[in-house]
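# What the coordinates show
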Amino acid sequence: MTAPDLRAPPPTAAPPPRPAAEDVLDRAAWARGVRVKICGVTRLEDALAAARLGADAIGFNFWPRSKRHLSPGAAGEIVRRLPPHVATFGVFVNPTRDELLAALAASGVGAVQLHGDEPPALCLGLPVPVVKALRIGDARDLAALASYEVRAFLLDAPSAGYGGSGATFDWSLAAAAARELPVLLAGGLGPGNVAEAIRAVRPLGVDVASGVEASPGVKDPALLEQFIRRAKEAGR
């Protein structure tokens, strides 16, 4: 029997897998194609269907006044059942830092999406990547992009309240931002226009909620399949 060589270095441990949210928000990995985020998920079966059909990310709305509200604890039950490559986002509107950290701990989501009037300081020093949502009505609204140090921006149409608008806006404004910054495009997207939107804007990803629903918070499997397939085809 040969004695072990005690001078040999110990085997190198494999590096930990990259968090899914980091990968989804990596603008340099364009070869992966456009990312698809399905937001406003409230049911496990919808989350699993979206993942099976090729969605890159799932979003849960933690704002209590949303029609698609889900508690962080309930979201955590879904997060634990998702494949590890699917990123998870928690959507907030004007939370305190303590509320935000508590929701992250309870849910286990891998990224934060701030959809209210949050100050730039709230985006700093958090344990997960941050996406800041901004409502874009005209070119002047793009100036707010310079105020935030975040991993990406979600651009949506103006609306009277908070949350998604369900309406489109001038995609040329989003395209101007996407040439310089990582942008997730939202606002009135659905299977019928997502390919056109991707070709016009060339965003990092697209975000949809109402455009793939049978009713608020309940996704339609056929619309999910059409949206994800058409987005992936257009974003290759």
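Residues numbered from 1 in each chain as written. Predicted model: local features only at pLDDT ≥ 70, side-chain atom pairs only at ≥ 80, totals over all residues. Heavy atoms only, no water.

Time to look at the packing of helix α5 (residues 171–178) against helix α6 (residues 194–201). At a closest axis distance of 8 Å, the pairing of α5 and α6 adopts a crossing angle of 50°. One finds that α5 runs oblique with respect to α6. Every residue of α6 that contacts α5 at Trp171, Ala174, Ala175 and Ala178 is listed here: Glu196, Ala197, Ala200 and Val201. Looking at the contact of α5 with α6 residue by residue, the classes come out as seven nonpolar, no polar and one charged. (Axes fitted to C-alpha atoms, helices over the stretch in contact; angles between N-to-C directions. Helix = DSSP H or I, 4+ residues; strand = E, 2+ residues; numbered from the N terminus. Parallel < 35°, antiparallel > 145°, perpendicular 65-115°, else oblique. Contact = heavy atoms within 4.5 Å. Nonpolar A, V, L, I, M, F, W, Y, C, P; charged D, E, K, R; others polar.)

The biggest cluster of nonpolar side chains holds 60 residues, and the ones touching the most others in it are Ile38, Ile58, Phe60, Leu155, Leu185, Val206 and Phe227. Not counting residues up to four positions away in its chain, the partners in contact with Ile38 are Ala50, Ala55, Ala57, Ile58, Gly59, Val208, Val212, Lys219, Leu224, Phe227 and Ile228. In terms of nonpolar packing, the next biggest core, distinct from the first, is built from 15 residues, Ala20, Ala57, Leu154 and Leu204 among them. (Core = buried A, V, L, I, M, F, W, Y, C linked by side-chain atoms within 4.5 Å. Buried < 20%, exposed > 50% of the residue type's maximum accessible area, 1.4 Å probe, protein only.)

Counted according to the given criterion, the structure contains eleven salt bridges. Lys232 is paired through a salt bridge with Asp56; the nearest N and O atoms lie 2.5 Å apart. On the criterion of sequence distance, the pair formed by Lys232 in helix α7 (residues 221–234) and Asp56 in the loop between α2 (44–53) and β2 (57–61) is long-range, its members being 176 residues apart. The partner of Glu213 in a salt bridge is Arg68, with the nearest N and O atoms 2.7 Å apart. With Glu213 in strand β9 (residues 213–215) and Arg68 in the loop between β2 and α3 (72–79), the pair connects residues that are 145 residues apart, well separated along the chain. (Salt bridge = Lys/Arg side-chain N within 4 Å of Asp/Glu carboxyl O.)

The strand order around the closed barrel formed by eight strands is β1-β2-β3-β4-β5-β6-β7-β8, and the pairing between neighbours is parallel. Between one strand axis and the next, the sheet turns by 25° as a mean value, whatever way the strands run. Two strands pair when backbone bridges link them, and β2 and strand β3 (residues 87–92) are joined in this way by five bridges, in the parallel orientation. Looking across to β3, one finds that Phe60 is bridged to Gly90. Contacting β6 (152–156) and β7 (183–185), α5 runs over the sheet at an angle of about 160° to β7. (Pairing = 2+ DSSP bridges.)

Moving on, we come to unusual backbone geometry. Phi at Asn94 is positive, roughly 50°, even though this residue is not glycine. Residue position: Asn94 is located in the loop between β3 and α4 (97–107). For Asn94, a relative accessible area of 36% corresponds to the partly exposed category. For Arg202, which is not glycine, the phi torsion reads 55° and is therefore positive. Structurally, Arg202 is set in the loop between α6 and β8 (205–208).

Below, the discussion takes up the environment of Leu44. Within the fold, Leu44 resides in helix α2. By relative accessible area, Leu44 is classed as partly exposed at 23%. When near neighbours in sequence (up to four residues on either side) are disregarded, Leu44 contacts Ile78 and Arg81.

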